[in-house]
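Examining the three-dimensional arrangement
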Amino acid sequence: ASRPLGSRHTIGPEEWMEFVTNSNWLDVQFTRTDASLCYVWSRMKTVNDGAAAARAKASQLQFEDFLEAIVRVAVMKVLPSDA
């Protein structure tokens, strides 16, 4: 629903949150806010945010951005302890 230009190769914020939720990554130490920050920090930067294509890139995750977002989740998640 949030895919501008009809692209099937991008992930919008709603799809990202659905992915994070379905992956059972959310807990008291990794919240929806943390997941949203991972999404925002991983988005492609564009030179001209005024153009429609640039806005689409700036608001959607490309494949490489998606991988970066997953790495950011891994960095932010707390590892389980044996205690």
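Further up the page is the structure itself.
Throughout what follows, the structure given in this document is the object of discussion. Bear in mind that the values here come from a model prediction, so they are computed numbers and not experimental data.

**Remarks on the packing of aromatic side chains**
- Applying the stated rule across the entire model yields four aromatic pairs.
- Relative to Trp25, the ring of Phe19 lies with its centre 5.3 Å away and its plane at 90 degrees, an arrangement referred to as edge-to-face.
- Relative to Phe66, the ring of Phe19 lies with its centre 5.3 Å away and its plane at 65 degrees, an arrangement referred to as edge-to-face. One end of the pair, Phe19, is in helix α1 (residues 13-22); the other, Phe66, is in helix α4 (residues 63-76), with 47 residues separating them in the sequence.
- Under the relative-accessibility criterion, Phe19 is labelled partly exposed at 28%.

**Quick notes on the environment of Cys38**
- Take Cys38: it is sitting in helix α2 (residues 32-42).
- Residues Cys38 and Ala74 lie 36 residues apart in sequence; the distance between their C-alpha atoms is 9.9 Å.
- What Cys38 contacts, discounting residues up to four positions off in sequence, is Trp16, Phe30, Ala69, Arg72, Val73 and Met76.

**Some details on the nonpolar core**
- Of all hydrophobic cores here, the largest spans eleven residues; its members are Trp16, Met17, Val20, Phe30, Ala35, Cys38, Tyr39, Leu61, Phe66, Ala69 and Val73.
- Elements supplying a minimum of two residues to this core: α1, α2 and α4.

**Section: the environment of Ile70**
- Looking at the secondary structure, you find Ile70 in helix α4.
- In this structure, the C-alpha to C-alpha distance between Ile70 and Cys38, residues 32 residues apart in sequence, is 7.8 Å.

Cut-off values and rules
- Residues numbered from 1 in each chain as written.
- Predicted model: local features only at pLDDT ≥ 70, side-chain atom pairs only at ≥ 80, totals over all residues.
- Heavy atoms only, no water.
- Phe/Tyr/Trp six-rings, centres within 6.5 Å; stacked < 30°, edge-to-face > 60°.
- Helix = DSSP H or I, 4+ residues; strand = E, 2+ residues; numbered from the N terminus.
- Buried < 20%, exposed > 50% of the residue type's maximum accessible area, 1.4 Å probe, protein only.
- Contact = heavy atoms within 4.5 Å.
- Core = buried A, V, L, I, M, F, W, Y, C linked by side-chain atoms within 4.5 Å.

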